[in-house]
Amino acid sequence: MSELQIDISKALSFVDNTNYQDILREVEQQHEVLMSKTGKGNDYLGWLQLPSQISNDLISRIKEDAEEIRSSSELLVVIGIGGSYLGSRAIIEALDKPFSILQEEWKNPKVFFAGNNLNSDYLAGLLKALDRYNYSVVVISKSGTTIEPALAFRIIKNHIELKYGKPNASKRIIAITDAHKGALKKIAEKENYKTYVIPDDVGGRYSVLTPVGLLPIAVAGFNIDDLLLGAKKMQDRVSLKSDLESNPAVVYAAIRNALYRNGKIIEIMVSYKPRFHFFVEWWKQLFGESEGKDGKGIFPTGVSFTTDLHSLGQYIQEGKRNLFETVITAGRPIDEIEVPHDDLDFDGLNYLSGKKLSDINIKAKLGTIAAHIDGGVPNIQINLTECSEDTLGQLIYFFEFSCALSGYTLGVNPFDQPGVEAYKKNMFALLRETGE
Ligand code: PA5
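The following refers to the structure shown. (Residues numbered from 1 in each chain as written. Predicted model: local features only at pLDDT ≥ 70, side-chain atom pairs only at ≥ 80, totals over all residues. Heavy atoms only, no water.)

**Details of the site of the ligand**
Quick reminder of the rule: Only a single heavy atom is needed: when it lies within 4 Å of a molecule or strand, its residue is near that molecule or strand. Polar contact is defined as a pair of N or O atoms within 3.5 Å, subject to the rule that within protein one atom must be able to donate a hydrogen and the other to accept it, and that residues adjacent in sequence are counted only when both atoms are side-chain atoms. Accessibility throughout is a Shrake-Rupley quantity obtained with a 1.4 Å probe, and a residue counts as covered only by protein chains that appear here. Only protein atoms enter the calculation, which uses a 1 Å grid: trapped sets of points that fit a 1.4 Å probe without letting it out are cavities, open sets showing protein on both sides within 12 Å along at least five of seven lines are pockets, and any residue with an atom within 4 Å of a point is a lining residue. Grid points define the cavity or pocket, and a molecule sits in it when more than half of its atoms lie within 2 Å of them. Under the scheme applied, nonpolar residues are Ala, Val, Leu, Ile, Met, Phe, Trp, Tyr, Cys and Pro; charged residues are Asp, Glu, Lys and Arg; polar residues are all the others, including Gly. Domain delimitation in this document rests on an assignment produced automatically or drawn from a domain database.
Among the 13 residues in the neighbourhood of the ligand, the closest are listed as Ser 84, Ser 141, Ser 143, Thr 146 and Gln 285. The contact in question runs from an oxygen atom of the ligand to an N or O atom on the side chain of Ser 143, over 2.7 Å. Burial of the ligand by the protein chains amounts to 89% of its free accessible area of 390 Å². A molecule is said to occupy a pocket when more than half its atoms come within 2 Å of that pocket's grid points, and by this definition the ligand occupies the second largest pocket. In terms of residue class, the shell around the ligand is made up of one nonpolar, nine polar and three charged. The two domains that each donate at least three residues to the shell around the ligand are domain 1 (5-38 + 230-420) and domain 2 (50-222).

**Some details on the pattern of salt bridges**
The condition is simple: We define a salt bridge as a side-chain nitrogen of Lys or Arg found within 4 Å of a carboxyl oxygen belonging to Asp or Glu. Put simply, DSSP H or I for four residues or longer makes a helix, DSSP E for two residues or longer makes a strand, and each gets a number counted from the N terminus. Only protein chains enter the accessibility calculation, which uses a 1.4 Å probe; a residue is then buried when its area is under 20% of its type maximum, exposed when over 50%, and partly exposed in between.
Following the criterion strictly, the structure yields 26 salt bridges and no others. One salt bridge connects Glu 68 with Lys 194, and the closest N-O pair in it is separated by 3.2 Å. With Glu 68 in helix α4 (residues 56-72) and Lys 194 in strand β6 (residues 194-197), this pair connects stretches of sequence that are 126 residues apart. Between Glu 281 and Lys 284 there is a salt bridge; the shortest N-O distance is 3.0 Å. Taken together, the residues Glu 281 and Lys 284, both in helix α13 (residues 277-291) and three residues apart, mark about one turn of the helix. Exposure remark for Lys 284: the relative accessible area of 26% places this residue in the partly exposed category. Overlapping salt bridges bring together Lys 157, Glu 161, Lys 166 and Glu 191 as one network.

**Comments concerning α13**
What counts, and what does not: Multiply 1.5 Å by the residue count of a helix minus one, and that product is the helix's expected span. In what follows, a contact means two residues having at least one pair of non-hydrogen atoms within 4.5 Å.
Over its 15 residues, α13 extends 21 Å from the first C-alpha to the last, a length consistent with the 21 Å expected when each residue adds 1.5 Å. Three or more residues of α13 are buried, namely Phe 278, Phe 279, Val 280, Trp 282, Trp 283, Gln 285, Leu 286, Phe 287, Ser 290 and Glu 291. In the core, the buried residues of α13 are packed alongside α5 (86-95), α12 (248-261), β7 (266-271), β8 (299-304) and α16 (389-410).

**Examining the sheet that holds β6**
Whether parallel or antiparallel, the strands of a sheet pair through hydrogen bonds between backbone atoms. To keep things clear, this is the line we draw: Strands qualify as paired when DSSP identifies two bridges or more between them. Working convention: axes come from line fits to C-alpha atoms, limited for helices to the stretch in contact. Angles between N-to-C directions cover 0 to 180 degrees.
Strands sit in the order β3-β2-β4-β5-β6 across an open sheet of five strands; the sheet is parallel. A strand with exactly one partner marks an edge of an open sheet, and here the two such strands are β3 (110-114) and β6. Averaged over all pairs of adjacent strands, the angle between their axes in this sheet comes to 20°, without regard to strand direction. In the sheet, strand β2 (residues 75-79) pairs with β3 via five bridges, with the strands oriented parallel.

As structure tokens, then:
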């Protein structure tokens, strides 16, 4: 059995079967366009071969640098925004044990993220923590000029230089940026930081399998060989030109486009593991920036169940019928908890005594899927056999590949993001006007 399976049986009934078959053929054609690199944005297809072409030298260097940080630091601050932080955060949080920072086994550096907002309290709180712990910094920006990470880096650079003195501080900073241009590259050269390059043909949101994602993930103590191996397995599986009807990426792209053309314009990514929150955030960026343009696109959003059944559940069940759900499951929990017996049984829950919480979670999932389908919400399921570096590597590549196919089928360039500039222009104009 494959370690990643897609089940669209509970979505197909919401689209006309002939319509689905037609769209499947369209996606199959886009598979050829993607693999022959003849589509829109084809100068940004470097991510396609990352799992198979990443060099052993680069992997060794990443591991060595990660080891050095692990031996010198209790904390790592990853500065970046969008594709420059969401991938590593997604994987680290999906693999990290909840509350590990409060547990005795905190041996690896804890990874914190900065430069993904402009909030003063957030950064001030982080700086106070940095006063107390030994730390290193990985600053990531492909353009090297994005304002949020640039400002955070300016502030943290000042802190780390005061704390360790400039020469020692420089040894604790690694910059990951463009090979040729940008302010970050200039600073790194001037200050003698170690650097890694984000390849020219890999856009931010497709960069998790470059040093952008791999270095922080390795520092956090996770196995980047297995992550890449998983991605490579999926690369081999979805690149195959034969048997496209059962290619999971083709199927996912086809059903999404079929639902979209049937008025389902919002996709809700659902997980029943709070640890998947940032994986869903990564997925939102991947699909939102890739597809939302030219007045088109499925709006990607995410929920964590059962938490959000008590907030958004009402809307999903009975609100406007323009949504569909994609549920990710990833095997059993690491730690099982059984419901204890209670002699008083005032809460009336003794009928659950001895049951595993995870089995109750599964029943909640099945009950919710059935209810939402009855309420007119098509359901796609993506099932991983377990939550590991290997399966998460597969999931990353699966979504990247599906996203490219889906964007091409929609008729957009999935590799640019012209709309992101609009807020920046206004913000810079306001900053210059007011001088504030
Ligand atoms: O996918 C993208 O290209 C963007 O989301 C970028 O990752 C994000 O805007 C950060 O850009 P940069 O890495 O240039 O600072």
